[in-house]
Amino acid sequence: MTKEKFAVGDEVFTTRSRGVIIDISATPSGQFIFGVENTDGEVTYFTPKGIRHV
């Protein structure tokens, strides 16, 4: 199993819609979360399991 790499500006599919990664943050537990902005301007945060490349 390989880990996908995500970067700011990548277009991704989420569990809800398609969007662009605008923010990457680390949680206190050391896991990364990704802020994804959809076409309506709504930002939602996902773990790597919740997004995939377009």
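Above this text you will find the structure in question.
Along each chain, numbering runs from 1 in the same order as the chain's sequence is written. Local features in a predicted model are, by the rule used here, given only for residues with pLDDT of at least 70; side-chain atom pairs are given and counted only at 80 or more, and totals for whole chains, interfaces and linings are based on all residues. The basis for the side-chain values is all heavy atoms of the structure; hydrogens and waters are excluded.

Draft legend 1. View of the pairing of strand β1 (residues 11-14). Under the scheme applied here, a residue whose accessible area is under 20% of the maximum for its type counts as buried, over 50% as exposed, and between as partly exposed, the area being computed with a 1.4 Å probe on protein chains only. Numbered from the N terminus, helices here are DSSP runs of H or I no shorter than four residues, and strands are runs of E no shorter than two. Of the two faces of β1, the one holding Val-12 and Thr-14 is buried and the one holding Glu-11 and Phe-13 is not buried anywhere. Criterion used throughout: strands pair if DSSP finds at least two bridges between them. Hairpin connection, β1 to strand β2 (residues 18-26): the antiparallel pair is bridged by three residues.

Draft legend 2. Spatial organisation of the pattern of salt bridges. Whenever Lys or Arg places a side-chain nitrogen within 4 Å of a carboxyl oxygen from Asp or Glu, that contact is recorded as a salt bridge. For the coordinates displayed, the defined rule picks out two salt bridges. For Arg-18, the salt bridge goes to Glu-11, with nearest N and O atoms at 2.8 Å. Given a relative accessible area of 42%, Arg-18 falls into the partly exposed group. Its salt-bridge partner being Glu-42, residue Arg-16 comes within 3.5 Å of it at the nearest N-O pair.

Worth remembering: the numbers are spatial, not functional.
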